[in-house]
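# Coordinates in review
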2 protein chains.
Amino acid sequence: MAGAPAAALYQQLKDFVVRKIQEGVWQPGDRLPSESELVTQFGMSRMTVNRALRELSEQGRIVRVAGVGSFVAEDKPQSTLLQIANLASEIRQRGHDYRCDVLVVERVSAALEVAAALDVRTGDSVFHTLCVHREDGVPVQLEDRYVNPAMVPQFGAQDFAQLQPSEYLVRNVPFDQIEHVVDAVMPTPEQAALLEMPVGEPCLLLTRRTWSRGAVITLVRCLHPATRYRLGSRFRADGHPLNG
Amino acid sequence: MAGAPAAALYQQLKDFVVRKIQEGVWQPGDRLPSESELVTQFGMSRMTVNRALRELSEQGRIVRVAGVGSFVAEDKPQSTLLQIANLASEIRQRGHDYRCDVLVVERVSAALEVAAALDVRTGDSVFHTLCVHREDGVPVQLEDRYVNPAMVPQFGAQDFAQLQPSEYLVRNVPFDQIEHVVDAVMPTPEQAALLEMPVGEPCLLLTRRTWSRGAVITLVRCLHPATRYRLGSRFRADGHPLNG
DNA sequence: AAGTGGTCTAGACCACCGC
DNA sequence: CGGTGGTCTAGACCACTTC
C-alpha cells in the first residue's frame with residue numbers, strides 16, 4: 001500500500017465525472033461542463049480534458065454531440081456483458097491438454113433451418129463440419145458447423161488436422177458482426193454418445209452466427225455438457241481490466 | 001456513394017496497421033515500427049500516432065510495452081461478448097406484459113455456499129428474496145436472491161410490491177464489478193412447480209454476483225425454463241452499436 | 001546512454017449546431 | 001455569430017527497458 005503514484009490527469013478527471021454521476025449530483029440527461037470550462041476549472045490542457053471525455057463516451061457513461069455539448073447518458077447500463085472466451089485458449093490457460101477431433105467434413109444440401117440461418121436458398125450446397133473438443137481427453141464441446149461457400153470457397157480444401165475449422169475461419173475470414181444465443185437443451189442419444197455423457201443430463205447450447213460485410217459467414221452450434229462446462233466472466237463496470 | 005470525407009489521420013493509421021496484420025505481413029509477435037518511426041513515415045505528429053496505437057491496444061490488436069515497443073497481439077480477439085439485458089425491459093420491449101410476484105422476503109442464516117459467495121461468515125444473518133417473473137402471465141424466471149446486509153442495511157424495510165428487489169438494488173446501490181456464470185440444470189420439483197413447467201425439461205441458470213468497492217452486494221440465481229427463455233445478442237465487432 | 005511508450009501542454013483549424 | 005466537440009501539431013518531461 002505504498003503511496004500510489006498520482007493517477008494520470010485524464011484518469012483523475014474521468015474518476016471525478018463518474019463520481020458525480022454515481023452520487024447523483026449529475027443526473028442522466030444533465031449537461032456536463034464544456035471542455036473549455038473543464039480546462040479552466042481543472043487547469044488541464046484541452047487535449048487532456050478531451051481524452052477523459054472521449055473515453056467516458058466510449059464507455060457509454062456520457063453522450064457527446066459536436067456543436068451541442070456533453071450529457072450524462074440515460075439510465076445505468078441496464079444490460080451487462082458476458083465474455084465468451086475461445087475454448088482452446090481457455091483450456092490451455094487452465095494448464096490442461098486441449099485436443100480437437102474432426103469427425104465430419106462434407107458438403108451438404110442446406111435444409112430449411114440451415115438455409116435460413118446462412119441466408120442461402122434451401123438446397124444450396126454448403127460446407128458442414130462436426131468436431132469434438134476435449135479437455136484432458138474429456139469431451140467438453142460438440143461443434144456442429146455450417147459455412148457459406150460463397151464467403152469461404154476454399155474452406156473445403158483445408159487440412160483440418162493442422163488447423164481446426166474455427167481457427168481457420170478466425171484467422172482467414174475476419175468477421176464484423178456476431179450473434180449469440182444460449183439455450184439449455186437435452187442432448188439426443190447420438191450427441192450424448194459423442195460427448196461421452198449420460199442422456200439425462202442437460203447441455204448448454206451456444207449458437208453463433210458471424211457476418212462479414214452483411215453476409216453470413218458461418219453458423220455454429222456448440223453443445224456443452226453442463227457438468228463439464230459453464231459460461232462465466234467477471235467484469236468491472238468502469239472498463240478497467242480485472243487482473244486476477 | 002458521395003466521396004466520403006477523408007477519414008481522420010489516426011483512423012487511417014489504425015486501418016493501415018489492421019490491414020498489415022490481416023494480410024499477414026505483420027505476424028503475431030512481430031514488432032511494429034516505433035511511434036517515432038511512424039511519425040517519420042506518415043508525417044503525422046506523435047500524438048496522432050500515439051492515439052492510433054493506443055486504441056489498437058485497447059482493442060487487443062496489439063500489445064504495447066513501455067520502454068520496449070509495440071507488438072502484434074498473439075491471439076486475434078478470441079473472446080466475444082454476450083449482452084445480458086434487463087428482463088423487465090426486455091419483456092416490455094417485446095410489447096408483452098411484465099409482472100413480478102414476490103414470494104419470499106426474509107432474513108436467514110447464511111449457509112456455507114451463500115456465506116462463501118457473499119463473503120460473510122457462515123451463520124451470519126442475510127436477506128433472502130424469492131420472486132417469479134412473468135411474461136404475459138407465464139413464469140420465465142425464478143429469482144433466488146441473497147443480499148449482504150452490511151452493504152444494504154435498509155433492504156429488508158422496502159416495499160417490494162412497488163419496486164422489485166433487483167430494481168431497488170440497481171437504483172440504490174451502484175455496482176462496480178459484476179460476475180456471471182451460466183449453467184444448464186434440471187429444476188427441482190419445487191422449482192418446476194413455481195415455474196409451472198415439467199420437471200423433465202432443462203433450465204438456464206444465470207448466477208450473478210455484484211460488488212461495490214470490493215465488497216459483495218448480492219448473489220442472485222436466475223432460473224429460466226429453456227423453452228421460454230434464451231440468452232441472446234447481436235454485436236458488431238468494432239464496438240459500434242447495432243441500430244436495428 | 002539511447003530508445004521506448006505514457007502523458008501533457010498551448011496553441012490551432014474545422015464542421016457543426018443553435019441563435 | 002459564438003459555442004461546441006473532433007482533430008491535429010510540435011514540442012516537452014518522465015519512467016522504464018535494453019545495451
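Procedures and definitions
- Residues numbered from 1 in each chain as written.
- Chains lettered and ligands numbered in written order.
- Predicted model: local features only at pLDDT ≥ 70, side-chain atom pairs only at ≥ 80, totals over all residues.
- Heavy atoms only, no water.
- Helix = DSSP H or I, 4+ residues; strand = E, 2+ residues; numbered from the N terminus.
- Expected span 1.5 Å × (residues − 1).
- Buried < 20%, exposed > 50% of the residue type's maximum accessible area, 1.4 Å probe, protein only.
- Contact = heavy atoms within 4.5 Å.
- Phe/Tyr/Trp six-rings, centres within 6.5 Å; stacked < 30°, edge-to-face > 60°.
- Lys NZ or Arg CZ within 6 Å of the ring centre and 35° of its normal.
- Near = heavy atom within 4 Å.
- Polar contact = N/O pair within 3.5 Å; in protein donor to acceptor, adjacent residues only side chain to side chain.
- Nonpolar A, V, L, I, M, F, W, Y, C, P; charged D, E, K, R; others polar.

Looking at an unreviewed UniProt entry, one finds chain A named Histidine utilization repressor, with Acidovorax lacteus as its source organism.

### Looking at helix α3 (residues 46–58) of chain B
Here α3(B) spans 18 Å end to end across 13 residues, near enough to the 18 Å set by a 1.5 Å rise per residue. Here α3(B) has its buried residues at Val49(B), Asn50(B), Arg51(B), Ala52(B), Leu53(B), Arg54(B), Glu55(B) and Leu56(B). On its buried face, α3(B) sits against α3 (46–58) of chain A together with α1 (9–22), α2 (35–42), β1 (62–65) and β2 (69–72) of chain B. Where α3(B) terminates, the next one or two residues include Gly60(B), which has phi positive at roughly 80 degrees.

### A word on the packing of aromatic side chains
All names here are of chain A. Applying the stated criterion across every chain, the model contains 11 aromatic pairs over all chains. Ring centres of Phe 16 and Trp 26 lie 5.9 Å apart, and the angle between their planes is 80 degrees; on these two criteria the pair is classed as edge-to-face. Note that Phe 16 is positioned in helix α1 (residues 9–22) and Trp 26 in the loop between α1 and α2 (35–42), a separation of 10 residues in sequence. Measuring from centroid to centroid gives 5.0 Å for Phe 155 and Phe 160, while their planes differ by 50 degrees, and the two rings are tilted. A relative accessible area of 0% means that Phe 155 is categorised as buried. In this structure an aromatic cluster arises from ring pairing among Phe 127, Phe 155, Phe 160 and Tyr 168. Seen from the ring of Phe 127, Arg 107 lies directly overhead, with NZ or CZ sitting 4.5 Å from the centre.

### Thoughts on the protein's contact with DNA strand D
Around DNA strand D, the structure places 27 residues, and the nearest of them are Arg46(A), Met47(A), Arg64(A), Leu9(B) and Thr48(B). For DNA strand D, the fraction of atoms within 4 Å of the protein that belong to sugar or phosphate moieties is 63%. Contact between DNA strand D and Ser70(A): a phosphate oxygen at 3.1 Å from a side-chain N or O atom of the residue. One of the side-chain N or O atoms of Tyr10(B) is found 3.1 Å from a phosphate oxygen in DNA strand D. If you list the elements that add at least two residues to the surface near DNA strand D, you get α2, α3, β1 (62–65) and β2 (69–72) of chain A together with α1 and α3 of chain B.

### What to know about the protein's contact with DNA strand C
Among the 26 residues in the neighbourhood of DNA strand C, the closest are listed as Leu9(A), Thr48(A), Arg46(B), Met47(B) and Arg64(B). The sugar-phosphate share of atoms of DNA strand C within 4 Å of the protein amounts to 61%. Arg46(A) places a polar side-chain atom, nitrogen or oxygen, 3.1 Å from a base nitrogen of DNA strand C. For the surface near DNA strand C, the secondary-structure elements that each account for two or more residues are α1 and α3 of chain A together with α2, α3, β1 and β2 of chain B. Examining the composition of the surface near DNA strand C, we find that 4 residues originate from one element, α3(A), more than from any other. Split by residue class, the surface near DNA strand C holds 10 nonpolar, 10 polar and 6 charged.

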